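# Chains, contacts and geometry: an overview
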Amino acid sequence: MIKVENLSKKYPDKNALDDISVTFPAEETTAIVGPSGSGKSTLLHSLNLLERPTSGRLIVDELDLNLDKTLTKAQVLDVRKHFGMVFQEKALFTHLTVLKNLTEGPTKVKKISQDQALEKAHALLKQFNMEELANRYPYQLSGGQQQRVAILRALAMEPQYLLLDEPTSALDPELEAQVLRVLRELAQKETSMIIVTHNMAFAQQVADKIVFIDNGHVGYDGKTEDFFNSNDPRIKQFLGAMTF
Ligand SMILES: Nc1ncnc2c1ncn2[C@@H]1O[C@H](COP(=O)(O)OP(=O)(O)O)[C@@H](O)[C@H]1O
Ligand SMILES: [Mg+2]
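Let me begin by describing the structure that accompanies this report.

Conventions adopted
- Residues numbered from 1 in each chain as written.
- Chains lettered and ligands numbered in written order.
- Predicted model: local features only at pLDDT ≥ 70, side-chain atom pairs only at ≥ 80, totals over all residues.
- Heavy atoms only, no water.
- Near = heavy atom within 4 Å.
- Polar contact = N/O pair within 3.5 Å; in protein donor to acceptor, adjacent residues only side chain to side chain.
- Areas by Shrake-Rupley, 256 points an atom, 1.4 Å probe, with all protein chains shown as cover.
- Helix = DSSP H or I, 4+ residues; strand = E, 2+ residues; numbered from the N terminus.
- Nonpolar A, V, L, I, M, F, W, Y, C, P; charged D, E, K, R; others polar.
- Pairing = 2+ DSSP bridges.
- Phe/Tyr/Trp six-rings, centres within 6.5 Å; stacked < 30°, edge-to-face > 60°.
- Buried < 20%, exposed > 50% of the residue type's maximum accessible area, 1.4 Å probe, protein only.
- Lys NZ or Arg CZ within 6 Å of the ring centre and 35° of its normal.

Turning next to the site of ligand 1. Around ligand 1, the surrounding shell consists of Tyr11, Lys14, Ala16, Pro35, Ser36, Gly37, Ser38, Gly39, Lys40, Ser41 and Thr42. Between an oxygen atom of ligand 1 and a side-chain N or O atom of Thr42, the distance comes to 2.5 Å. With the chains in place, 61% of the 560 Å² that ligand 1 exposes on its own is no longer accessible. Sorting the residues of the shell around ligand 1 by element identifies strand S2 (14–24) and helix H1 (40–47) as the ones contributing at least two each. Considering every element that reaches the shell around ligand 1, the biggest residue donor is H1, with three residues. Split by residue class, the shell around ligand 1 holds three nonpolar, six polar and two charged.

Spelled out as structure tokens, the structure:
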């Protein structure tokens, strides 16, 4: 389980997150939704300390950090070990084949043997019907294929939590659907995922819980179904703005 308590992130001219408290359960999919510029990425990146919060408390499984103090390198690394991350786009190693992209982290960072890493990589590719891509380079893949490989690369590290920041926002609808299918399959396998998304149909269908971030505050934190049936005027306004 991940928990943030009284988390704030202040930029010189902006409070990106203002004293927020949220829990992200393990083995569930949490969708972070909200308007552009509301603080979604800041929250997501605060969990693995890609972004350093200004104050608050961060709990990641057995770790419990006081963010008011300067963190040590070791503390940051301990937190990072729990996470895999998928960005919006262009995150693969361009000079490595798909297979090498999948084995690089496990062999270099986790010191797993080349054979074992290869075995795992092939198993992942097989699981998601992507074996024919194994020897291609990223430039030989469509955007949707690249994003699916990026997801598998994160999974190859066997992280406790998978963080995804709008992983399909750079894709055409058809390619987006391919990626969302992979994520739905992961969600069904009780992968612990936290995903920032603008795709409300996906959030409604796949997420166990919704965190609605609105101007640096938590506008909703609870069950997916209750969010989409909410009578809260601000939530209704937001959901209304997302459809036409
Ligand atoms: N490095 C930064 N310096 C200053 N302001 C920033 C920085 N990063 C983000 N912000 C501001 O913080 C707010 C939240 O940003 P962000 O978390 O990226 O929003 P979202 O992901 O919901 O679109 C925005 O107003 C944004 O302009
Ligand atoms: Mg963002």
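From this point, the narrative continues.
As a further point, take the pairing of strand S4 (residues 55–60). Sheet analysis places strand S1 (residues 2–11) next to S4, joined by five bridges and oriented antiparallel. Residue Glu5 lies in a different strand from S4, and its bridge partner there is Arg57. Relative to strand S5 (residues 63–66), S4 runs antiparallel, the two being bridged by four bridges. Across the sheet, the residue bridging to Val60 is Leu63, located in S5. Taking the residues between adjacent antiparallel strands as the criterion, S4 and S5 are bridged by two residues, where Asp61 takes a positive phi near 50 degrees.

All chains considered together, the criterion is met by six aromatic pairs. Between Phe83 and Tyr161, the ring centres sit 5.8 Å apart and the planes meet at 35 degrees, which makes this aromatic pair tilted. Taken together, the positions of Phe83 in strand S6 (residues 83–86) and Tyr161 in strand S7 (residues 161–165) put the pair 78 residues apart, joining distant regions of the chain. Assessed through its relative accessible area of 11%, Phe83 is described here as buried. Take Tyr161: its relative accessible area is 2%, and that puts it in the buried class. Judged by centre distance (5.2 Å) and plane angle (90 degrees), the rings of Phe227 and Phe228 are edge-to-face. Side by side, Phe227 and Phe228 carry an identical accessibility label, which is buried. Aromatic rings pair up to connect Phe212, Tyr220, Phe227, Phe228 and Phe238 into one cluster. A cation over a ring is seen here: Arg153 above Phe93, with NZ or CZ 4.7 Å from the ring centre.

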